[in-house]
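Next come the chains, spelled out residue by residue.
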Amino acid sequence: GEAGVAGGGPRGAAVGWGGAGAARIPAGTAAGLYGLGVAVLGLGLLLAYSLRPFLRWLTTHFVVTDRRVLVRTGILARSGRDVPLSRINDITFSHTFVERMLGSGTLVVESAGERGQVTLSDVPRVEKVQRQLYDLVESTDERRRAIPED
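Reading guide: rules and limits
Residues numbered from 1 in each chain as written. Predicted model: local features only at pLDDT ≥ 70, side-chain atom pairs only at ≥ 80, totals over all residues. Heavy atoms only, no water. Helix = DSSP H or I, 4+ residues; strand = E, 2+ residues; numbered from the N terminus. Buried < 20%, exposed > 50% of the residue type's maximum accessible area, 1.4 Å probe, protein only. Contact = heavy atoms within 4.5 Å. Areas by Shrake-Rupley, 256 points an atom, 1.4 Å probe, with all protein chains shown as cover. Pairing = 2+ DSSP bridges. Axes fitted to C-alpha atoms, helices over the stretch in contact; angles between N-to-C directions. Salt bridge = Lys/Arg side-chain N within 4 Å of Asp/Glu carboxyl O.

S.K.: In this structure, what is going on with the overall build of the protein? I would like to understand it.
M.R.: Along the backbone of the protein there are 5 helices and 6 strands. Listing each helix as α and each strand as β along the protein from the N terminus yields α-α-α-β-β-β-β-α-β-β-α. The buried share of the protein, taken over its 150 residues, is 19%. In the protein, the share of contacts with a sequence separation of at least 24, taken over all contacts with a separation of at least 6, comes to 28%. When the accessible area of the protein is evaluated, it comes to approximately 11100 Å², of which 60% is carbon and sulfur surface.

Next up, the structure:
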């Protein structure tokens, strides 16, 4: 009822803040500059929150060979990690509903060693990549067992 609006309930607070914000907007030419400033700020935030993840995705590379998994990441500063197939213990994937609709997901490669795991985000056709990587790990294990020990 009226007590909620007058008492500063959820709607009353929103109306109060809207009124305070409207009182601060200057009139005339200053209003146009204010609107331009808000638009530039909004565009800057949009770019910061969308361009940066896109560039991170664009500059992240992973390569699977018959001997290792190589990962290279970084926009300005680069870092890399190589995991030999013989050290991989587990390969799992997951994808959210949106990632599933887009045909991508997250691949986690667990390895024996001090650094533990490599997480690859936004991997296209993640289920197929997981199966192929698993097959490579299995064939590497079979090759190692086939080599006679001295």
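S.K.: I'm lost on the sheet that holds strand β3 (residues 79-84) in this one. Help?
M.R.: Either a parallel or an antiparallel arrangement is found when strands of a sheet pair, and the pairing is made through backbone hydrogen bonds. Pairing in this open sheet of 3 strands is antiparallel, and the strands run β1-β2-β3 from one edge to the other. Unpaired on one side and paired on the other, β1 (61-64) and β3 mark the two borders of the sheet. Each adjacent strand pair in this sheet contributes to an overall mean axis angle of 10°, direction not counted. In this structure, β1 lies alongside strand β2 (residues 68-73), joined through 4 bridges in antiparallel fashion. Pairing of Phe62 across the sheet is with Val71, part of β2.

S.K.: Teacher, can you tell me more about the pairing of strand β5 (residues 104-111) here?
M.R.: Consecutive side chains along a regular strand alternate between the two faces of the sheet. Burial of β5 is extensive: 7 of the 8 residues sit out of reach of the surface. Sheet topology places strand β4 (residues 88-94) next to β5; 6 bridges connect them, and they run antiparallel. Among the inter-strand pairings, Asp90 is bridged to a residue of β5, identified as Glu110. For β5 and strand β6 (residues 117-124), the ladder comprises 6 bridges, and the chain directions are antiparallel. The residue of β6 that forms the bridge with Ser104 is Pro124. Here β5 hands over to β6 after 5 residues, with Gly113 in that stretch at a positive phi of 145°.

S.K.: What should I look at first to understand the pattern of salt bridges in this one?
M.R.: Side-chain pairing between opposite charges can occur once the charged atoms of the two side chains come close. Counted by the stated rule, this structure contains 1 salt bridge. Linking Arg72 and Asp82 is a salt bridge whose minimum nitrogen-to-oxygen distance equals 2.9 Å. Here Arg72 is found in strand β2, whereas its partner Asp82 is found in strand β3, with 10 residues between them in sequence. Residue classification places Arg72 among the partly exposed positions, given a relative accessible area of 31%.

S.K.: Honestly, unusual backbone geometry in this entry has me stumped. Any pointers?
M.R.: In terms of backbone geometry, most residues other than glycine have negative phi values and most peptide bonds are trans. At Asp122, a residue that is not glycine, the phi angle is positive and equals roughly 55°. Here Asp122 is to be found in strand β6. Although it is not a glycine, Arg125 adopts a positive phi angle of roughly 50°.

S.K.: Would you explain the sheet that holds β5 in this entry?
M.R.: Spatially, β4-β5-β6 is the arrangement adopted by the 3 strands of the open sheet, whose pairing is antiparallel. Of all strands in the sheet, those with a lone pairing partner are β4 and β6, marking the two edges. In this sheet, neighbouring strand axes are inclined to one another by 20° on average, regardless of whether the strands run parallel or antiparallel.

The analysis is restricted to geometry; functional conclusions fall outside its scope.
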